Protein chains: 2
Amino acid sequence: MKKYLAEIDVMPKKEILDPQGKAVTGSMKNLGLSEIQNIRIGKHISLEIEADSEATASAKVDEACKNLLANLIMESYSFKLEEVA
Amino acid sequence: MKKYLAEIDVMPKKEILDPQGKAVTGSMKNLGLSEIQNIRIGKHISLEIEADSEATASAKVDEACKNLLANLIMESYSFKLEEVA
């Protein structure tokens, strides 16, 4: 069994309003950082997974994202896998 | 002025307990994904920034992270910058 580290990003879909991001974009102005725009806020998830191969690990992470980590109606996800010692 | 896209990860520090991650790790078992371990959950933030150079953009994003996006007592952050059209 090999061990892999997965780094997953779960973000609100582009066509969906992100009120938290909008609010933080407004706060940037008050901080004197008005050159910062279009903030969108999602989740970053890191996890470890044991699997025989990278393909198996990738399939399992995909299953975890679809069934638990992301709400596919409102969110999209992407991830990277990396083998660890 | 050039436009840059910043992708920021804000994660709970390693030495700090992440109860949300722990809870989700437990849920993985119920989903039949017990090979997934050590889940940690943080924020992923994407934003656009206008700046003269990548160095300026990087300094501004760093300032935004320190002053608003991350709580440095409990969280650490990292980001990547990419120039967009």
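Residues numbered from 1 in each chain as written. Chains lettered and ligands numbered in written order. Predicted model: local features only at pLDDT ≥ 70, side-chain atom pairs only at ≥ 80, totals over all residues. Heavy atoms only, no water.

Caption draft 1: Here's a closer look at the packing of aromatic side chains. Residues and elements named next belong to chain A. For the structure shown, the criterion picks out two aromatic pairs over all chains. On the numbers, 6.5 Å between centres and 10 degrees between planes, the contact of Tyr 77 with Phe 79 is stacked. With relative accessibility at 23%, the residue Phe 79 sits in the partly exposed group. (Phe/Tyr/Trp six-rings, centres within 6.5 Å; stacked < 30°, edge-to-face > 60°. Buried < 20%, exposed > 50% of the residue type's maximum accessible area, 1.4 Å probe, protein only.)

Caption draft 2: Layout of the relation of the copies chain A and chain B. With an RMSD of 0.0 Å, the fit of chain A onto chain B corresponds to turning through 180 degrees and sliding 0.0 Å along the axis. Here the copies are linked by what is in effect a two-fold axis. (Least-squares fit on C-alpha atoms with pLDDT ≥ 70 in both.)

Caption draft 3: Quick peek at the interface of chain A and chain B. With 30 residues of chain A in contact, the opposing surface of chain B contributes 30 residues. Together, the buried faces of chain A and chain B total about 2600 Å²; carbon and sulfur atoms form 65% of this surface. Where chain A packs against chain B, one counts two salt bridges. Here Glu 35 of chain A makes a salt bridge to Lys 60 of chain B, at a shortest N to O gap of 3.2 Å. Where chain A touches chain B, the interface holds 14 residue pairs in polar contact (both at pLDDT 80 or more). Taken together, the elements giving at least two residues each to the side of chain A that touches chain B come down to strand E1 (2-12), helix H1 (19-30), strand E2 (36-51) and helix H2 (54-69) of chain A. Counting residues per element, the side of chain A that touches chain B draws most heavily on E2 of chain A, at 15 residues. Partitioned by chemical class, the residues of the side of chain A that touches chain B number 14 nonpolar, seven polar and nine charged. Relative to strand E2 (residues 36-51) of chain B, E2 of chain A runs antiparallel, the two sharing eleven bridges. (Contact = heavy atoms within 4.5 Å. Buried area = accessible area lost by both parts, 1.4 Å probe. Salt bridge = Lys/Arg side-chain N within 4 Å of Asp/Glu carboxyl O. Polar contact = N/O pair within 3.5 Å; in protein donor to acceptor, adjacent residues only side chain to side chain. Helix = DSSP H or I, 4+ residues; strand = E, 2+ residues; numbered from the N terminus. Nonpolar A, V, L, I, M, F, W, Y, C, P; charged D, E, K, R; others polar. Pairing = 2+ DSSP bridges.)

Caption draft 4: Local environment of the sheet that holds strand E3 (residues 75-84) of chain A. Read from one edge of the open sheet, six strands run E3(A)-E1(A)-E2(A)-E2(B)-E1(B)-E3(B), paired in antiparallel fashion. Taken across any chain shown, the strands that pair with only one partner, and hence form the sheet edges, are E3 of chain A together with strand E3 (75-84) of chain B. Between one strand axis and the next, the sheet turns by 25 degrees as a mean value, whatever way the strands run. For strand E1 (residues 2-12) of chain B and E2 of chain B, the ladder comprises nine bridges, and the chain directions are antiparallel. In the sheet register, Ala 6 of chain B faces E2 of chain B, and the bridge partner there is Leu 47 of chain B. (Axes fitted to C-alpha atoms, helices over the stretch in contact; angles between N-to-C directions.)

Caption draft 5: A look at the pattern of salt bridges. Residue and element names in this part refer to chain B. Summed over all chains, the structure comprises six salt bridges over all chains. The residue Glu 48 makes a salt bridge to Lys 3 at a minimum N-O spacing of 3.5 Å. In this pair, Glu 48 is assigned in strand E2 and Lys 3 in strand E1, connecting sequence segments 45 residues apart. For Glu 48, a relative accessible area of 22% translates into the label partly exposed.

Caption draft 6: Inspection of H1 of chain A at higher detail. With twelve residues, H1 of chain A should reach 16 Å at 1.5 Å per residue; the first-to-last C-alpha distance of 17 Å fits that figure. Three or more residues of H1 of chain A are buried, namely Gly 21, Val 24, Thr 25 and Met 28 of chain A. In an axial view of H1 of chain A, the angular spread of the buried residues amounts to 110 degrees, which keeps them on one side of the axis. Those residues of H1 of chain A that are exposed and aimed more than 90 degrees away from the buried face are Pro 19, Lys 22, Lys 29 and Asn 30 of chain A. Where H1 of chain A is buried, its residues touch E2 of chain A together with helix H2 (54-69) of chain B. At the exit of H1 of chain A stands Gly 32 of chain A, carrying a positive phi of roughly 80 degrees. (Expected span 1.5 Å × (residues − 1). Arc of directions from axis to C-beta.)

Caption draft 7: Quick peek at the side chain of Glu 75 of chain A. All names here are of chain A. For Glu 75, the location among the structural elements is in strand E3. This buried residue, Glu 75, is left without a salt bridge; Lys 43 holds the nearest opposite charge, at 4.2 Å. With near-sequence residues (within four places) excluded, Glu 75 lies in contact with Val 10, Met 11, Pro 12, Lys 13, Lys 43, Leu 69 and Ala 70. (Lys, Arg positive; Asp, Glu negative; His and termini not counted.)

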